[in-house]
Amino acid sequence: MRFNFNFIGLDDSGDGLESLSSPSTSTPKEDVEWLPLQHHPIFTSAADGALPPSSSASSKTLTNLLAWDGASRLYFWDSQKQCLHRISVQLGEPDPSSILAASPSKVLQADVQLNYEVQKISINRHGSAMLLSGSDRLCVMYLYGKTSVKDNIVICRTVTIGAEIYFHRRSIIRMLQVYWHPSSDTHLGILSSDSVFRIFNLSMSLQQPEQEYYLQPVKFGSSTRASSICPVDFSFGGNHLWDRFSVFILFSDGSVYVLCPIIPFGSVYKWEALQEIYVDAKTFGLNSTNSKAVSNINMAISWLEAIFPELSQQSAEGGDSFALKARPYAFIDSSIVLQGPLRNFCHGEKKDTQVQDAEGQGRAVSFLYNLVSKDSVLVIAWSGGQLQIDAFADEIQPVWKAGSPPRLFVDSCDRILGIAMICESVSSDLSFLEPDPTLDRDVWLGHPAPLLRLAIVDLALPGKGGSHISMSVDPLMPERTYCFHNGGIDSVVLHFLPFSSESDGKDGARRSPSVNPVISACHGESSSTPSLCGFLALADSFGDSWIVGVTYSRECIVLEMETWNLLLPPIVDEEKNPALEEEKQYTNSTTIISKELLSGPKVVLLPPSSPNLRSVTADSIEGRSTLHQYFKLFHENYMEYAYKVYFELQHHAPQLKKIIDNQHSRLQKAERKLLEVEEKQEKLESRITNAVQHCNVLEERLLKLRNLPGIHKKPLSKAERDFKAELDRYNGVELDALRSSIEALDARLKRFENSQQANQHTQVSGKRMNYMPAEEVSKLRSSIEKLSLVNNENTKMVKLIEPALRNLEINSTQ
């Protein structure tokens, strides 16, 4: 049984918070009608019209205009009216397969005009602010607080984030990905095309980031592909040891790097989780004999005690706090190391250190971190439609680089307001990727955590390397991942996890993930144009989960998902057929007449008779005894048999009537199916005729194409095909990465020139200024020289690739 609770100050439509926050502008309560979600007026009103795919569909990027607060409110962004609909829902009502929605919905609108297309919305953990992300702007709408009501529309305060960095007229920095931090309601993480990861604190500043991390995955001047320095996506870690302080960065060549530790100032964490990390670090610090490991552990313990001073105090006194708040802190002489790229265990095979472990086709497009019980799972989506699924074989540890001081922003009281640092990747020996059971492998040595390859899943998407995939985790069953792409939504379920399966006592045999299509979104249209504008995975506390999808034609799709039976081990069994089950039930029913009766009366031999039987009269004593014997045999063999038959027929009469009625119903069903087949027969004949006509048209077109002059060209040789594939790869991946890296270098150079001009202006004006030390000036000069070297190398690569592409285009047109 399900219960719905309405708290004081909240009505059925969920509008009580507005009335509490702004009583002077409250409106009379409207009558609320509960309808199935797919029949809600927002999704069925013809007056609103279809949503325009516009630029998001033409550029093959995925939009997601749906959001859920994790409880009872669903949000939908109307791109035509530039407003946000808040819908109160009841999950699993009136039956577990449906969702009820309150009508009318609450309409929320920004207090400023949004002159850009919203491509993605996401809500923070407490449901108080909504992120409105687009290619030209990034805004945050505060759903509660100081609001006003106009024409039954709630006007909400809306602010712009990072306008001076990302959306300035002269700025060429593109925003690649943005997420709310899972441990804060006011912190946003943004990854941009200039290879910088920034964290904004909305409670402090909307334009200046609180933290900046300049990513340097490879050494400048080294020979490498341009795609290896082009970031694509990122993800925050989960609620597991040092993972909660980690940020995972994905680059377009499929390499993954880790930043640890990163923590927003003022974020809140549970005392038990922090105590587990603190005790674990101290335990390893006491037992380790390696000087490098001891140094890393001492830095981690010092960092924890500086961020959370209560840890050291309450560990000695016995902690009674439920949660601790992070304080601003950073080492003065050390910066965080960009750990990576993460690599897989070799399993005894010798691998080239230059060969990446990626096995997808095309370029990496999206990334997902998923915590399943004791396993940290990383999923990389490739533009060719493949999913690369790996799991950590060891724990993530924080690593710092000494001698690389960060830049600190402090106030007049020397309190840290912001930090900025360059995060470089440190080359390390790859011998740790070859596990040796005879060696006692020490931890905390600064090596990146190794990975275990779980599976490579091919979604078999249409198109050649142009698919964009967005992924999300099922809120009820973390083993299941939903893949949202141009062709619809697929479900991928993991059946084997290295640590979770071992702890649960499951069989060690690996099972490949199961892939099932959930929604096919194309509906006969071109697969390159997405028809879904948003999707959500919902779940309640009763163990039910649903998928909600909305198309550009405002059609809402609600599907109940199976959960518990997906993780059961496979059982080899015959496929169940309803007709066979019914036939089996019919044949195994109780027998009407036993086999003994069906075989007839028993054959009994007649008693021996005298030879003069004909001369015996019926009145004689001998004749009477003979007749008595015959009558006795007749009674035993025939009268008793007839009585048994009569008794069983009387006893089984109701069952016989039931069987006859069942046969009549089956006969009626068969007649109805025959009528349906006859009705479909005409449609099938017309479809076959159309198919034959279409086939004839295609044959005629093929005959015409065979007569074209270019059809008899000599096919390419194997070497030419390999060279063409290499050029296609450069055209699809490397050139884009080169352009983005050149843009990032230009942006950094312009910022440096602007800072130099500002310094010169300060010198001319005669104002007092703080001169930079000679060491920092030399470091800046060396950095500029390295940037110029990279720029020259990129220019040379572009000059080499472009003539080859021109020649290829000329040869293809001839």
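Below, the structure is looked at part by part. This one's a predicted model, so the numbers in the text were calculated from it and none came from an experiment. (Residues numbered from 1 in each chain as written. Predicted model: local features only at pLDDT ≥ 70, side-chain atom pairs only at ≥ 80, totals over all residues. Heavy atoms only, no water.)

1. Let's talk about the overall build of the protein
- Secondary structure assignment for the protein yields 14 helices and 37 strands.
- Burial status across the protein gives 42% buried among its 814 residues. (Helix = DSSP H or I, 4+ residues; strand = E, 2+ residues; numbered from the N terminus. Buried < 20%, exposed > 50% of the residue type's maximum accessible area, 1.4 Å probe, protein only.)

2. Let's talk about a negative patch on the surface
- Residues Glu 676, Glu 678, Glu 679, Glu 682 and Glu 685 make up a contiguous surface patch of negative charge.
- Turning to its location among the elements, Glu 676 is positioned in helix 12 (residues 653–706).
- The exposure class of Glu 676 is partly exposed, given its relative accessible area of 45%. (Patch = residues over 30% accessible without salt bridge, like charges linked within 9 Å, V, L, I, M, F, W, Y side chains within 5 Å. Areas by Shrake-Rupley, 256 points an atom, 1.4 Å probe, with all protein chains shown as cover. Salt bridge = Lys/Arg side-chain N within 4 Å of Asp/Glu carboxyl O. Lys, Arg positive; Asp, Glu negative; His and termini not counted. Charge placed at Lys NZ, Arg CZ, Asp CG, Glu CD.)

3. Observations concerning the sheet that holds strand 9 (residues 138–142)
- Read from one edge to the other, the open sheet built from 4 strands follows the order 7-8-9-12, with strand pairing classed as antiparallel. Every other strand in the sheet has two partners, leaving strand 7 (120–123) and strand 12 (158–160) as the edge strands with one partner each. Taking the axes of each pair of neighbouring strands and ignoring which way they run, one obtains an average angle of 20° across the sheet. (Pairing = 2+ DSSP bridges. Axes fitted to C-alpha atoms, helices over the stretch in contact; angles between N-to-C directions.)

4. With respect to helix 6 (residues 291–307)
- Relative to the 24 Å expected for 17 residues at 1.5 Å per residue, helix 6 spans 24 Å between its end C-alpha atoms, a close match to the ideal helical length.
- Listing the buried residues of helix 6 in full gives Ala 293, Asn 296, Ile 297, Met 299, Ala 300, Ile 301, Trp 303, Leu 304 and Ile 307.
- By the N-cap criterion, in which a side-chain oxygen at the helix start approaches the backbone nitrogen of a residue two or three places on, helix 6 is capped by Asn 290, the distance to Lys 292 being 2.8 Å. (Expected span 1.5 Å × (residues − 1). Polar contact = N/O pair within 3.5 Å; in protein donor to acceptor, adjacent residues only side chain to side chain.)

5. Some thoughts on the pattern of salt bridges
- Scanning the entire structure with this criterion turns up 10 salt bridges.
- Among the ionic pairs, Asp 411 bridges to Arg 415, the shortest N-O distance being 3.0 Å.
- Accessibility expressed as a relative area gives 53% for Arg 415, which makes it exposed.
- For Asp 474, the salt bridge goes to Arg 480, with nearest N and O atoms at 3.0 Å. Each member of the pair Asp 474 and Arg 480 is classed as buried.

6. Details of the pairing of strand 14 (residues 187–192)
- Burial analysis of strand 14 places 6 of its 6 residues in the buried class, which makes it a mostly covered element.
- The sheet contact formed by strand 13 (residues 175–180) and strand 14 spans 5 bridges and is antiparallel. Each bridged residue has a counterpart across the sheet, and for Met 175 the counterpart in strand 14 is Ser 192.
- Hairpin connection between strand 13 and strand 14: a loop of 6 residues separates the two successive antiparallel strands.
- In this structure, strand 14 lies alongside strand 15 (residues 196–201), joined through 5 bridges in antiparallel fashion. Directly across from His 187, in strand 15, lies its bridge partner Asn 201.
- Hairpin connection from strand 14 to strand 15: 3 residues lie between these consecutive antiparallel strands, with Ser 195 at a positive phi of about 60°.

7. Some thoughts on unusual backbone geometry
- The peptide bond linking Ser 103 to Pro 104 adopts the cis configuration, its omega dihedral lying at 5°.
- One non-glycine residue, Gln 82, adopts positive backbone phi at about 55°.
- With respect to the element layout, Gln 82 can be found in the loop between strand 3 (73–78) and strand 4 (83–91).
- Despite not being glycine, Arg 554 shows a phi value in the positive range, around 65°.
- For Arg 554, the position within the fold is in the loop between strand 36 (545–551) and strand 37 (556–561).
- Classification of Arg 554 as buried rests on a relative accessible area of 2%.

8. Considerations on the sheet that holds strand 19 (residues 256–259)
- Strand order in the open sheet formed by 4 strands is 17-18-19-23, and the pairing between neighbours is antiparallel. With one partner strand each, in any of the chains shown, strand 17 (231–236) and strand 23 (338–339) form the two edges of the open sheet.
- Where strand 18 (residues 247–251) lies against strand 19, 4 bridges are found, and the strand directions are antiparallel. Each residue of the ladder has a partner; that of Ile 249, found in strand 19, is Tyr 257.

9. Structural notes on a nonpolar patch on the surface
- A contiguous nonpolar patch, built from Met 204, Phe 409 and Leu 417 and spanning about 310 Å² of accessible area, is present on the exposed surface.
- Assignment of secondary structure puts Leu 417 in strand 29 (residues 416–424).

10. Some thoughts on the packing of aromatic side chains
- Under the defined criterion, the tally for this structure stands at 21 aromatic pairs.
- Geometrically, the ring pair formed by Phe 197 and Phe 234 is edge-to-face, given 5.0 Å between the ring centres and 65° between the ring planes. Taken together, the residues Phe 197 in strand 15 and Phe 234 in strand 17 connect sequence positions 37 residues apart. For the pair Phe 197 and Phe 234, one class covers both residues: buried.
- Ring geometry for Phe 331 and Trp 400: centres 5.2 Å apart, planes at 90°, overall edge-to-face. Highlighted residues: Phe 331 in the loop between strand 21 (323–325) and strand 22 (334–336) and Trp 400 in strand 27 (residues 400–402), separated in sequence by 69 residues. In this pair, the class of Phe 331 matches that of Trp 400, namely buried.
- Put simply, the rings of Trp 242, Phe 245, Tyr 269, Trp 303, Phe 308 and Trp 444 pair up and form one aromatic cluster. (Phe/Tyr/Trp six-rings, centres within 6.5 Å; stacked < 30°, edge-to-face > 60°.)

11. Regarding the nonpolar core
- Judged by nonpolar contacts, the single largest core of 64 residues is most densely connected at Phe 245 and Phe 308.
- The dominant element in this core, judged by the number of residues it contributes, is helix 6, at 8 residues.
- Counting 40 residues, the second-largest nonpolar core is a separate cluster that includes Ile 42, Tyr 116, Met 141 and Cys 556. (Core = buried A, V, L, I, M, F, W, Y, C linked by side-chain atoms within 4.5 Å.)

12. Considerations on the environment of Ile 173
- Tracing the sequence through the fold places Ile 173 in the loop between helix 4 (163–166) and strand 13.
- In sequence terms Ile 173 and Asp 746 are 573 residues apart; their C-alpha atoms lie 9.7 Å from each other.
- Excluding residues that lie within four positions of it along the chain, Ile 173 makes contacts with Ile 165, Tyr 166, Ser 192, Ser 193, Asp 194 and Ala 747. (Contact = heavy atoms within 4.5 Å.)

13. Examining the pairing of strand 30 (residues 451–458)
- Within strand 30, 6 of the 8 residues are buried, which leaves the element mostly enclosed by the surrounding structure.
- Relative to strand 30, strand 26 (residues 386–392) is paired through 7 bridges, and the arrangement is antiparallel. Paired with Ala 391 across the two strands is Leu 452, which belongs to strand 30.

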